[in-house]
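# Structural overview
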Amino acid sequence: MTRRTPESLRSHRWFGVEDLRAFGHRSRTLQMGYGPEDFMGKPVVAIINTWSDAQPCHQHFRQRADEIKRGVWQAGGFPVELPALSLSESWVKPTTMLYRNLLALEVEELLRSHPIDGAVLMGGCDKTTPATIMGAISMNLPMIFMPAGPMMRAHYGGQILGSGSDVWKFWAEKEAGAITDQQWNDMEAGIARSHGTCMTMGTASTMTCIAEALGLTLPGATSIPAADAAHPRMAASCGRRIVDMIWEDLKPSDILTRQSVENALVVHNALAGSTNAMIHLVAMARRAGIEVKLTDFDDFAQKVPVIANLRPSGAWLMEDFHIAGGIRALMKRLEGLLHLEARTVTGKTLGETLEGAAVYNDDVIRPLDKPIAASGGTAILYGNLAPHGCVMKPPAAEPRLLSHTGPAIVFDTYDEMAKAVNDPDLDVTPDHVMVLRNAGPIGGPGMPEWGMLPLPKKLLREGVRDMLRISDARMSGTSYGACILHVSPEAHIGGPLAAVRNGDLITVDVPNRSIHLHLSDEEITERLELWKPPARDYPRGYYRLFAQHVRQAHEGCDFDFLEGAGGIPEPEIH
Ligand code: FES
């Protein structure tokens, strides 16, 4: 393998030449207390840090950035920490999805505008993973993704709890009057016990596992709990490895191929991963020039059994997954379905990185012939209500709802729906199909995670725990229920969801992958001609940029002007 020379480094243009500007770059580096021996001729490594006081899941990132720096120094590089948007899933409103593309844009431009030769991306809390990776793919410098790691198991009253999933479950019990305020308060104090990401197989762990399946993390990195001593050791290893990657000139374009994306599809299905991945993987792949269709998710779902017995679809949590062998063990079990020749950030093939991996608990990571579901957790439905598709997670729904016809009960806004479900006189039965619209990419804006519509209180008190729900929103990866999501095109731009009225019959037929509004095409067209877009005007600012450029759900919700990579000249240095 040819190694790069110091003169060929990107940072050489800033530091290595003899002109007035280089005088400025060097003197201002000396101003920080570094000597020439610290940075001259060395690869400059950006540490993209999504730490902030407003990001509970990344509270360990200040320390981890130091550990990455330790690795960079050890390997002969020069580390530069660059703070980026922290995008806390739990704090940011209306939804972090509104800002995923902003973080992606920020990462790309941080890398472009500074004297950076390669990057370690620090992320984990939901959107921070796809966003940092999308930006780095477009910049196409050597990079490693360092996952935040899952938090410790939660507990309450002697029971183990999982992030999100158990909260939704107990909230339904609280609404049904089955648990007290005191019990609810105890749960609040026990649900998040350490730094790190949600410890169910929600969006955070789904996306970090996908990053690993794509070959973008060190082997086994994604299942290491945030509070485990192995986590800072992994961080330091990222620092060491990125320096070598820069000398080797190993870039995302050398790693990401249709094969690596298919590996991610296999892993996503084996994990019964979050539906959000269907947006993020499409967007990440499109940055790399690789087309992923929604039907790919369904096709792989047919071939891949769900073998990770993890909540919300299964029983265990991420810490158990790690102890059972973690993501490497899972991929070892899936070897026959993976492209083992795919390259990874290690410089080795995926197959080589799986050598020696083993499963230590067959209930947590099931054998292929004893899965928790024989086919993956994804169904893509098409029909006159969703011409560009919509998604569902059948294992998370009550089986009776997988083939169901019922009358629609329609809500135009989240607030209208939230008020209605608390109304004891709401005219609703368990057979109704709840429809929430204007919650899509532009209508939300940002496709908030409203897709697990709360069930009407009066039905909860009658013991109903699932109903068919349809929206153009997303739902949390920790959510569950018969929720049909990402209806595309969205209602806000005149998709057929905008034509539905109370009482219209809707049929969902998951085995045949169809969703049908019982109206003629002419009737739908007539209604849409009378339809007026909801009043939502963003006269300026980021919301305006977002509304003008975001793509629909089936296309990954990236901005139209950000897709792809390269194409921008290196900044002039004058
Ligand atoms: Fe950060 Fe779930 S809230 S990962």
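The model shown is predicted, which means the values in this text are computed figures rather than measured ones.

This part takes up the packing of aromatic side chains. With the rule as written, the count across this model stands at 14 aromatic pairs. With centroids separated by 4.8 Å and ring planes inclined at 40°, the aromatic side chains of Tyr414 and Trp450 adopt a geometry described as tilted. Of the two residues, Tyr414 is situated in helix α18 (residues 414–421) and Trp450 in the loop between β10 (433–436) and α19 (457–461); the sequence distance between them amounts to 36 residues. Seen in terms of ring centroids, Phe546 and Phe559 are 5.7 Å apart; in terms of plane orientation they differ by 80°. Their pairing is edge-to-face. Of the two residues, Phe546 is situated in helix α21 (residues 541–549) and Phe559 in the segment after α21; the sequence distance between them amounts to 13 residues. Residue Phe546 is classed as buried on the basis of its relative accessible area, which comes to 3%. By relative accessible area, Phe559 is classed as buried at 0%. Counting every residue linked through ring pairs, the aromatic cluster contains Phe15, Tyr34, Phe39, Trp73 and Phe78. It is Lys303 that lies over the ring of Phe300; its NZ or CZ is 4.1 Å from the centre.

What follows deals with the pattern of salt bridges. Per the stated rule, a full pass over the model turns up 40 salt bridges. When the shortest N-O distance is used, the salt bridge between Arg4 and Asp249 registers 3.6 Å. Of this pair, Arg4 sits in the segment before α1 (12–15) while Asp249 sits in the loop between α10 (230–248) and α11 (252–255), placing them 245 residues apart in sequence. Relative accessible area serves as the criterion here: at 22%, Arg4 is assigned to the partly exposed category. Arg13 is the partner of Glu570 in a salt bridge, and the nearest nitrogen-oxygen pair spans 3.2 Å. Of this pair, Glu570 sits in the segment after α21 while Arg13 sits in helix α1, and the two are 557 residues apart along the sequence. Taking the relative accessible area as the measure of exposure, Glu570 reaches 36% and is therefore partly exposed. One salt-bridge network, in which partners are shared between bridges, spans Glu89, Asp126, Lys127, Glu449 and Arg474.

You can see Thr344 is positioned in the loop between α16 (326–333) and α17 (350–353). Once residues lying within four places of it in the same chain are set aside, the contact partners of Thr344 are Gly215, Leu250, Ile255, Thr349, Leu350 and Thr353. Within the structure, Thr344 has its side chain in polar contact with the backbone oxygen of Lys348 (distance 3.0 Å).

Rules and cut-offs
- Residues numbered from 1 in each chain as written.
- Predicted model: local features only at pLDDT ≥ 70, side-chain atom pairs only at ≥ 80, totals over all residues.
- Heavy atoms only, no water.
- Phe/Tyr/Trp six-rings, centres within 6.5 Å; stacked < 30°, edge-to-face > 60°.
- Helix = DSSP H or I, 4+ residues; strand = E, 2+ residues; numbered from the N terminus.
- Buried < 20%, exposed > 50% of the residue type's maximum accessible area, 1.4 Å probe, protein only.
- Lys NZ or Arg CZ within 6 Å of the ring centre and 35° of its normal.
- Salt bridge = Lys/Arg side-chain N within 4 Å of Asp/Glu carboxyl O.
- Contact = heavy atoms within 4.5 Å.
- Polar contact = N/O pair within 3.5 Å; in protein donor to acceptor, adjacent residues only side chain to side chain.

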